[in-house]
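# Structure at a glance
Spelled out, the chains give:
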Amino acid sequence: MGKTGTEKEHLVDVETKNYDSGSVVGIKQDAALTNDWHTNSSNGSGNEETRHLSTFFGVVVPCILSMFSVILFLRMGFIVGQAGLTQSLIILFMAYVIIGLTVLSVCAIATNGAIEGGGAYFMISRALGPEFGGAIGLMFFLANVASAALYVFGIVEAMGAYFGPNGELAKDVVKTGTWYDFGYGSAILFICFVVCLVGANIYAKTTFIIFLVVMISIISVIISFFAKPAHTIYFNHTSELARCNYTSVYYTGFNKTTLDDNMAAEYSYDYNRHRESSFSHSFSVFFTSKHALLTVCTVVMEKVVVGELKNPSKAIPVGTILACLITWFIYLLLMVFIAATTPRDILQCSYTFLVSINVWPPFVVIGIFASSASAVLSQLIGASRILLALAKDELFGIILRPVTKTTKGGNPYVAVLVTWLLVQVVLFARNVNTIAPVVTIFFLFAYAAVDMSCLALEWASAPNFRPTFKYFSWHTCLLGIISCVVMMFLIQAIYTSISIVVLVVLVVVIHYRVPTSSWGYISQALIFHQVRKYLLMLDVRKEHVKFWRPQILLMVKNPRTCCQMIDFINSIKKSGLYVLGHVSPGRLADMPRDILQAQYHHWTNLVEELGVKAFIELTLSTSVREGTEHLLRLSGLGGMKPNTLVLGFYDDSTPKNSFDQMKIFKPVEERVINTETASDTNDSFPPVPRSTSANYFPLIDESTSSSTWMDNKNLQAQEYVEIIADAIKLRKNVCLGRYFYELDKSLITERRQKGEILYIDVWPVNFLHPVLSKYNTKTGSSTFPEPKSPSPFDIGTMSGISVSPTSHFDVTSVFLMQMACILNMTPFWKKNVKLRINLCTEIDSDNQETSIDRQLSEFLKTVRIKAEVRTIPWHNTPLLYSQKGSSGDSARQLLGGIVTDVSPDIQNEGASGSGVTDTMSGFYPKTFFSGPQDLHASHHVPTIGDDEESISNYLESVNGLIKSNMSDSVVTFLYLPSPPTNETAYQEYLRMLTSTSNGLGPTLFVHGLSHVVSTTL
């Protein structure tokens, strides 16, 4: 059927955004494809009338201004004088390599989708997720704060140098000193704060005028190298350094000798700051003038958001790269001209020599003040927008909530106020050189994070990452990251190490306190990409028993009643696949929509709350049996598919509320959730809070009688056993868990602390064999035959030594011991309990060791299962042992009449080598068998009387035997035989399992079809 008009409108009108038809950079990010790409009416904020800024005015001008600052006028000579021209060019090259590589990443990300406020922070957080994005965003904000203070210092330093007591332009106009400098800086910062608070738009509109002033100043400097002849420069300062303690130096102009002298590095003490200079220090000072590029990206993105920039997809990459090329060329010219004209004595002993050689000295001063003031304003605006973006994303909770307040015009006045206060605090650092390395390291972190974002997007190979800017690759991103990290450690290894620790702490804090976001996690895309690749490499044809591990499908009806079971099975998965399966009754064809999508997030919250490592698989089916078969066949991928099915036990016990027992989910107000009437306006259900999931799963009334529970069950006993039979047909191991609501780990820990020795009890004996054999076909063959490969107890065969085979245990018995061993390998169980294997024999273990006891010990030693072996004599249980006859008497003298005469067919079956009698002969009293005890001779296998009383008495005897030996047991593993061939006996089969396990506490029935142990390397 076609969509209605309302539905069609919904596809295009939800959260309508304004996009330029030729642009890939829009206003707001959205997950729906139908919402991402369309044009809006001419009334939108992004129409052609408001898009008036060209590439030059919108991108090139602000980027160039951000890269020309006080460093150009006050530190270029110092860098060349210390590092020499050769190393200065290396510094220039390295700085622009880092910048260039990062610019490529910025262009790629910026042309791939919609960008909101926050600029670089928005790119990083939306690409790498809230944890890393929030941590880098906070460091990026602090870097902008420190950078603003640095530019304020530049203005103050220029004021003292040109208008102080020894001012080169005018003397004694301003007083200098620590507190004077702090006062000047505070006043300048306050003026900039007021401008940002009330007139930020005015600054934006005057950017081009400031650009012209700065460029005129730079041009005047370049012209002066040619126009100014050689002359003597007089110094008005004194210094503790001998080489700088003079009043005049001769300026040579272009001179080959001067150029040769300035080629090599000659690091010395900073004449003004009295600290040793170095290559890394010179790089950090130079790079300080470049880090503002990321900040100006924030300002440029603001222009994109408000729709002022024409064709952003072209303007951002072209404008940014053009700005980098222009500034690189100007820096290159200045370095060469300074080295060729100015002696090193001037360069190392005067920050302000450009004034002395300029054709009109005020040009330099005007350039310093204009560029520095512009930089301060740019940093304040950029930092406040980053802080606003952090606050809106609620990554730091209520701490930043007030920052979201804005004026009617959208100016974040609280964010500007906070930024101003923090810059004011940084002014106590007192000089540029002190904070330049820290600022540079923080910005290098941001550069590396941008490169990492682009690298992650590229490596994830997501179809939606297709930026219009194509001149990048994962090689450029990776090289950018490496360059940033190397330079951080070269600049200041200690500061870098501390910064990394701070970054990790922030990532961890944000990870644990921030709820799941809807931004999309690049980590998930990367994991998907790698998992797909390795799943394809996981070849099921190369599977080997020595690398076997359980891969479990646990069927769950209502997790409210079985959290202990879910947690317990998590302990025996041994890094294997663990799937929680659930079958909802119904057919999709009968429903208006898929009800399972809304359920999935609640199940995921449950898994997170329990702390188990499990996948969720939900399905719709007309029956539980059919749904379980679907999950057994279809769950998992490739070589990771379930090999073991785990079911809860089918009995009449009243379910317990395990949410309360395990204290999971915070108490919330009860609410009714109807998935069928959930909103249809969103096809992808967003994550739901964990507290909501607490009351999602059906509540239970523990006061309800057992009969009522049985009457209300959707699954009948016959179908339950059919599920077991189906799983065995599919060659899946099967486990049934009973009484796990009684499992209390805290009680186990408490008992262990009191000194009690606790055990996991394993009973590797098929107690039901005598009573189930009569339900099979006449030939005694089962519908589900055991594997015919050698028994794991054939130690000689397994180890390659020729020894006559001896099979006391079948595959299920060994599988039983392996699963118990895996449980005992997990930290909690290994610390608190021991593994114990129980053997039932004719001989009292206190007097004589049996052959099977010796073989079991040998087997456990060979397969490295650390367990105690306990021999339990049959005669300790009166109902299982007749005192009237000897062990050599016939089968008629058994169990007080419980066991009747032996079936000749079964005798023949034993002689045929089927393994049935070999398997059982070690576990039943000798009176169960007559004739020779050779394992390969025919044995008399008993049959139990057909009357219900005989069977009940036998099962009660088995149950009593186990109960009498479980006082120190916390979990019991029992042998689960295959269901009988006769399907009409399925309910009787279930009754036998119930009678055997009544009152045993947490019990796991296990049926194994997989060979799971190996003695080879």
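In this text, all values refer to a predicted model and were calculated from it rather than measured experimentally. Residue indices follow the written sequence of each chain, beginning from 1 at its first position. Per-residue local features of the predicted model are confined to residues with pLDDT of at least 70, and side-chain atom pairs are confined, for both listing and counting, to 80 or more; whole-chain, interface and lining totals are unaffected and use all residues. Hydrogens and water are ignored here; the side-chain numbers use all heavy atoms of the structure.

### Thoughts on the overall build of the protein
Threshold: Helix and strand definitions here come from DSSP, where helices need a minimum of 4 consecutive H or I residues and strands a minimum of 2 consecutive E residues; each element is numbered from the N-terminal end. A 1.4 Å probe rolled over the protein chains alone gives each residue an accessible area, and that area as a share of the maximum for its type sets the label: buried under 20%, exposed over 50%, partly exposed in between. Two residues form a contact once any of their heavy atoms are found within 4.5 Å.
Counting its regular elements, the protein contains 39 helices and 14 strands. The buried share of the protein, taken over its 1017 residues, is 55%. The contacts of the protein with a sequence gap of at least 6 include a subset with a gap of at least 24, amounting to 82%.

### Details of the pattern of salt bridges
Note the cut-off: Just to be clear on terms, a salt bridge is a Lys or Arg side-chain nitrogen sitting within 4 Å of an Asp or Glu carboxyl oxygen.
This structure, assessed with the given rule, holds 17 salt bridges. Here Glu 157 ties to Arg 75 by a salt bridge, and the two come within 2.8 Å at their closest N and O atoms. Separated by 82 residues along the polypeptide, Glu 157 in helix α7 (residues 130–163) and Arg 75 in the loop between α4 (70–74) and α5 (76–110) bring together distant segments of the chain. In this structure, Asp 761 engages Arg 870 in a salt bridge whose closest nitrogen and oxygen atoms are separated by 3.8 Å. Here the residue Asp 761 occupies a position in strand β8 (residues 758–763), and Arg 870 occupies one in strand β10 (residues 868–873), the gap between them amounting to 109 residues. By the burial criterion, Asp 761 is buried, and Arg 870 matches it. A single salt-bridge network, built from bridges that share partners, covers Asp 761, Arg 836, Arg 870 and Asp 968.

### Quick look at the nonpolar core
As a rule of thumb, nonpolar side chains are buried together in soluble globular proteins. In plain terms, the rule: By nonpolar core is meant a set of buried Ala, Val, Leu, Ile, Met, Phe, Trp, Tyr and Cys residues that side-chain atoms within 4.5 Å join together.
Phe 68, Ile 218, Phe 225 and Phe 286 are the most contacted members of the largest nonpolar core, which totals 160 residues. At 21 residues, α7 tops the list of elements feeding residues into this core. Dropping the residues within four chain positions of it, Phe 68 is found in contact with Val 214, Met 215, Ile 218, Thr 327, Ile 330, Tyr 331 and Ser 371.

### Side note on the sheet that holds strand β5 (residues 615–621)
Note the threshold: Note on pairing: two strands pair once DSSP finds at least 2 bridges between them. For helices, the fitted axis covers only the stretch in contact; all axes are lines through C-alpha atoms, and the angles between them, taken along N-to-C directions, range from 0 to 180 degrees.
Strands sit in the order β5-β4-β3-β6-β7-β14-β13-β8-β9-β10 across an open sheet of ten strands; the sheet is mixed. A strand with exactly one partner marks an edge of an open sheet, and here the two such strands are β5 and β10. Here the strands of the sheet are splayed against their neighbours by 25° on average, with no regard to which way each runs. In this fold helix α39 (residues 986–997) packs onto β7 (733–738), β13 (969–975) and β14 (1003–1007), with an angle of close to 55° to the strand it touches most, β7.

### Some thoughts on the environment of Arg 738
As a reminder, the rule being used: Definition of a polar contact: a pair of N or O atoms within 3.5 Å, with one able to donate and the other able to accept a hydrogen when the atoms are protein atoms, and with sequence-neighbouring residues admitted only if both atoms are side-chain atoms.
Within the secondary structure, Arg 738 is located in strand β7. Since its relative accessible area comes to 4%, Arg 738 is described here as buried. As for Arg 738 and Tyr 650, which are separated by 88 residues in sequence, their C-alpha atoms are 8.3 Å apart. Contact partners of Arg 738, with chain neighbours within four places excluded, come to Phe 649, Asp 651, Leu 993, Thr 994, Ser 997, Asn 998, Gly 1001, Pro 1002 and Thr 1003. A distance of 3.0 Å separates a polar atom in the side chain of Arg 738 from a polar atom in the side chain of Asp 651. Within the structure, Arg 738 has its side chain in polar contact with the side chain of Tyr 739 (distance 3.2 Å).

### Looking at the environment of Thr 604
Note that Thr 604 resides in helix α24 (residues 596–610). Given the relative accessible area of 24%, Thr 604 is considered partly exposed.

### Side note on unusual backbone geometry
Although it is not a glycine, Glu 394 sits at a positive phi angle of roughly 55°. Along the chain, the position of Glu 394 falls in the loop between α17 (362–392) and α18 (413–426). The phi dihedral of Arg 731 is positive, around 60°, even though this residue is not glycine. Take Arg 731: it is sitting in the loop between α29 (717–729) and β7.

### Description of the confidence of the model for the protein
The line we're drawing: For every residue, the predictor reports its confidence as pLDDT, a number between 0 and 100.
Of all residues in the protein, 74% attain a pLDDT of 70 or more, and the chain-wide mean is 76. In this model, residues 668–684 is a region of pLDDT below 50 whose contacts with residues beyond four sequence positions or in other chains number 24 contacts.

### Describing a nonpolar patch on the surface
Short version of the rule: Two distance rules govern patches: like charges are joined within 9 Å, and nonpolar side chains (Val, Leu, Ile, Met, Phe, Trp, Tyr) within 5 Å, applied only to residues with over 30% relative accessible area and no salt bridge. Methods summary: accessible areas were calculated by the Shrake-Rupley approach with a probe of 1.4 Å, and residue burial reflects only the protein chains presented.
A contiguous nonpolar patch, built from Val 485, Phe 489, Ile 500, Val 504, Val 508 and Tyr 512 and spanning about 540 Å² of accessible area, is present on the exposed surface. Those elements giving two or more residues to the nonpolar patch turn out to be α20 (474–491) and α21 (493–513). Examining the composition of the nonpolar patch, we find that four residues originate from one element, α21, more than from any other. Its place among the elements puts Val 485 in helix α20.

### Some remarks on the packing of α7 against α18
To be explicit about the condition: Geometric relationships in this document are graded by angle, where less than 35 degrees denotes roughly parallel, more than 145 denotes roughly antiparallel, 65 to 115 denotes roughly perpendicular, and other angles denote oblique. Two helices crossing with the near one rotated counterclockwise from the far one by less than a right angle form a left-handed crossing, whereas a clockwise rotation gives a right-handed crossing. Residues are sorted three ways: Asp, Glu, Lys and Arg are charged, Ala, Val, Leu, Ile, Met, Phe, Trp, Tyr, Cys and Pro are nonpolar, and all the rest, Gly among them, are polar.
The interhelical angle for the contact between α7 and α18, taken along N-to-C directions, is 60°, at an axis separation of 9 Å. Classified by the angle their axes make, α7 and α18 are oblique. The element α7 and its partner α18 pack so that their crossing is right-handed. Each of Phe 141, Val 145, Ala 146, Ala 148, Ala 149 and Phe 153 in α7 lies in contact with α18, whose residues at this interface are Thr 419, Leu 422, Val 423 and Val 426. Tallied by class, residues from the contact of α7 with α18 come to nine nonpolar, one polar and no charged.

### Section: α39
Formally: Expected span of a helix: the number of residues minus one, times 1.5 Å.
Over its twelve residues, α39 extends 17 Å from the first C-alpha to the last, a length consistent with the 16 Å expected when each residue adds 1.5 Å. The set of residues buried in α39 consists of Tyr 986, Tyr 989, Leu 990, Met 992, Leu 993, Thr 994, Ser 995, Thr 996 and Ser 997. Those residues of α39 that are buried lie in contact with α29, β7, α31 (769–772), α38 (948–963), β13 and β14. In the segment just after α39, Gly 999 is the residue with positive phi, at about 70°.

### Considerations on the environment of Gly 154
Checked against the element boundaries, Gly 154 lands in helix α7. For Gly 154, a relative accessible area of 1% puts it in the buried group. For the pair formed by Gly 154 and Phe 73, sequence separation is 81 residues and the distance between their alpha carbons is 9.7 Å.

### What to know about helix α12 (residues 279–287)
Residue pairs three or four apart in sequence face the same way in an α-helix, which turns once every 3.6 residues. Summarising burial for α12: eight of the nine residues are buried, a large majority. If you check which residues of α12 are buried, you get Ser 280, His 281, Ser 282, Phe 283, Ser 284, Val 285, Phe 286 and Phe 287.

### What to know about the packing of α5 against helix α14 (residues 312–341)
At a closest axis distance of 10 Å, the pairing of α5 and α14 adopts a crossing angle of 175°. Taken together, α5 and α14 sit at an angle that is classed as roughly antiparallel.

### Looking at the packing of aromatic side chains
We count it as follows: Working definition: rings of Phe, Tyr and Trp (its six-membered ring) pair if their centres are within 6.5 Å, and the pair is stacked with planes under 30 degrees apart, edge-to-face with planes over 60 apart, and tilted otherwise. By definition, being over a ring means that NZ of Lys or CZ of Arg is both within 6 Å of the ring centre and within 35 degrees of the ring normal.
Going through the model one piece at a time under the given rule, you end up with 35 aromatic pairs. Both rings, one in Trp 360 and one in Phe 363, keep their centres 4.9 Å apart while their planes meet at 80°; by these two values the pair is edge-to-face. With relative accessibility at 43%, the residue Trp 360 sits in the partly exposed group. Between Trp 763 and Phe 767 the ring centres are 6.1 Å apart and the planes differ by 50°, which places this aromatic pair in the tilted class. Look at Trp 763 and you get buried, because its relative accessible area is 0%. Here the aromatic cluster, defined as three or more aromatic residues joined through ring pairs, consists of Phe 56, Phe 57, Phe 208 and Phe 211. Its end group placed over the ring of Tyr 759, Arg 836 keeps NZ or CZ at 3.9 Å from the ring centre.

### What to know about the side chain of Thr 644
Mapping Thr 644 onto the fold places it in strand β6 (residues 644–648). A distance of 3.3 Å separates a polar atom in the side chain of Thr 644 from a polar atom in the side chain of Asn 733. Residues within four places of Thr 644 in sequence aside, it is in contact with Gln 551, Ile 552, Leu 553, Asn 733, Cys 735 and Phe 815.

### A short note on the state of the cysteines
Spelled out, the test is: Cysteine sulfur atoms are paired as a disulfide whenever they fall within 2.5 Å.
One pass over the full model with this rule turns up zero disulfides. Free of any disulfide, Cys 324 has its nearest cysteine sulfur in Cys 63, 7.0 Å distant. Looking at the unpaired Cys 477, the closest cysteine sulfur is the one in Cys 454, lying at 3.5 Å. Its relative accessible area of 0% is what places Cys 477 among the buried residues.

### As for the pairing of strand β4 (residues 578–585)
For clarity, the threshold we go by: Here a crossover is taken to be right-handed if, once the strands point away from the viewer, the path from the first strand over the helix to the second is traced clockwise.
By the criterion of burial, β4 is predominantly enclosed, with seven of the eight residues buried. Across four bridges, strand β3 (residues 552–555) lies against β4 in parallel orientation. Paired with Leu 553 across the two strands is Val 579, which belongs to β4. In the classification by handedness, the crossover that spans β3, the intervening helix α23 (residues 563–571) and the parallel β4 is right-handed. Across seven bridges, β4 lies against β5 in parallel orientation. Looking at β5, one finds that His 582 is bridged to Leu 618. Each parallel crossover has a hand, and for β4 linked through α24 to β5 it is right-handed.

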